[in-house]
Amino acid sequence: QVQLVESGGGLVQAGGSLRLSCAVSGRSVSSDAMGWFRQAPGKERDFLAGITWSGGGTSYADSVKGRFTIFRDNVKNTVYLQMNSLKPEDTAVYFCAAGSSIATLRTLRIGSWGQGTQVTVSS
C-alpha cells in the first residue's frame, strides 16, 4: 500500500515562503496522482494542488494559483509544494494524498493520506 510522510511545515511570517515535502513509498499504477490538501480548525479539508506521476500535469485551486507550485521528483519519489507569498489565512494542517487521478483527488476519493504537517503564518 502507498505510504506518505509529510515534512517541512512550521511558523513563517506573512509574505514568506515554505516548501513542503511528501515522501512516497509503495506507489502503483492505481495511484498515479498526488495532491496537497489543507484543513483549518472547524473547516473542511480542501484540495489545493494535484500532479500526476506519469505526465506531470497539474491542477490548482483558485485560492493558491500564482502563489503555490506543486512538483515531483520521480527519482527521489517525493512530491513538493512550494508556497510563496504566504498569508495568515493559509494557516492550516497540510496533507498530501495519493489517488488514481487528479479528478478523483478533487472529490476526496483518496487512496492514502499522509499524517499532516502544521503551517502557521503570522502577521
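Source: prediction; values computed, not measured.

1. A look at the state of the cysteines
For the structure shown, the criterion picks out 1 disulfide. Cysteine 22 shares a disulfide with cysteine 96; S-S distance 2.1 Å. Measuring handedness by torsion sign, the sulfur bridge of cysteine 22 and cysteine 96 sits at about 60° and is right-handed. Note that cysteine 22 is positioned in strand S3 (residues 18–25) and cysteine 96 in strand S9 (residues 92–99), a separation of 74 residues in sequence. The same class applies to cysteine 22 and to cysteine 96, which are both buried.

2. With respect to the environment of valine 119
One can find valine 119 in strand S11 (residues 117–122). A sequence separation of 111 residues divides valine 119 from glycine 8, and the C-alpha atoms of the two residues are 8.6 Å apart. Filtering out sequence-adjacent residues up to four positions away, valine 119 remains in contact with Gly9, Gly10, Leu18, Leu20, Met83, Asp90, Thr91, Ala92 and Tyr94.

3. Some words on the side chain of serine 59
Note that serine 59 resides in strand S6 (residues 58–60). Within the structure, the side chain of serine 59 is placed 2.7 Å from the side chain of arginine 106, a separation counted as a polar contact. Ignoring anything within four residues of it in the chain, the contact list for serine 59 reads Phe47, Leu48, Ala49, Gly50, Ile102 and Arg106.

4. Some details on the packing of aromatic side chains
Under the defined criterion, the tally for this structure stands at 4 aromatic pairs. Where phenylalanine 95 meets tryptophan 113, the ring centres are 6.0 Å apart and the plane angle is 75°; that geometry is what we call edge-to-face. Taken together, the residues span a long stretch of sequence, with phenylalanine 95 in strand S9 and tryptophan 113 in strand S10 (residues 112–113) at a distance of 18 residues. Through a chain of ring-to-ring contacts, the aromatic side chains of Phe37, Phe47, Phe95 and Trp113 assemble into a single cluster. Arginine 45 extends its terminal NZ or CZ atom over the ring of phenylalanine 95, reaching a point 3.7 Å from the ring centre. Arginine 45 extends its terminal NZ or CZ atom over the ring of tryptophan 113, reaching a point 4.4 Å from the ring centre.

5. A word on the nonpolar core
Membership of the largest hydrophobic core comes to 28 residues, with the highest contact counts inside it found for Met34, Trp36, Leu81, Met83 and Tyr94. Once residues lying within four places of it in the same chain are set aside, the contact partners of tyrosine 94 are Glu6, Leu20, Phe37, Arg38, Leu48, Phe68, Leu81, Met83, Gly116, Thr117 and Val119.

6. Considering the pairing of strand S1 (residues 3–7)
Because side chains alternate across S1, one face comprises the buried residues Leu4 and Glu6, and the other comprises Gln3, Val5 and Ser7, none of which is buried. In the sheet, S1 pairs with S3 via 5 bridges, with the strands oriented antiparallel. Within S3, the residue paired with glutamine 3 across the bridge is serine 25.

Quick notes on the rules
All residue numbers here refer to positions counted from 1 along the written sequence of the relevant chain. This being a predicted model, a pLDDT of at least 70 is required before a residue's local features are given, and a value of 80 or more before pairs of side-chain atoms are given or counted; all residues contribute to the totals for chains, interfaces and linings. Computation of side-chain values covers all heavy atoms of the structure but excludes hydrogens and water. Defined by distance alone, a disulfide is two cysteine sulfur atoms within 2.5 Å. Put simply, DSSP marks the helices as runs of H or I at least four residues long and the strands as runs of E at least two long, and each gets a number from the N terminus on. Accessibility here uses a 1.4 Å probe with only protein chains present; expressed as a share of the type maximum, an area under 20% marks a residue as buried, one over 50% as exposed, and anything in between as partly exposed. Two residues qualify as a contact provided that any one of their heavy atoms is within 4.5 Å of a heavy atom in the partner residue. Between N or O atoms, a polar contact is any pair within 3.5 Å; within protein, one atom must be a potential hydrogen donor and the other a potential acceptor, and residues adjacent in sequence are included only when both atoms are from side chains. For Phe, Tyr and Trp, rings pair up if their centres lie within 6.5 Å, where Trp contributes its six-membered ring, and each pair is then called stacked (planes under 30 degrees apart), edge-to-face (over 60) or tilted (otherwise). Put simply, a charge is over a ring when the Lys NZ or the Arg CZ is close to the ring centre, within 6 Å, and near the line of the ring normal, within 35 degrees. Throughout this description, the term nonpolar core refers to a set of buried Ala, Val, Leu, Ile, Met, Phe, Trp, Tyr and Cys residues connected via side-chain atoms within 4.5 Å. One bridge is not enough; two strands pair if DSSP finds at least two bridges between them.

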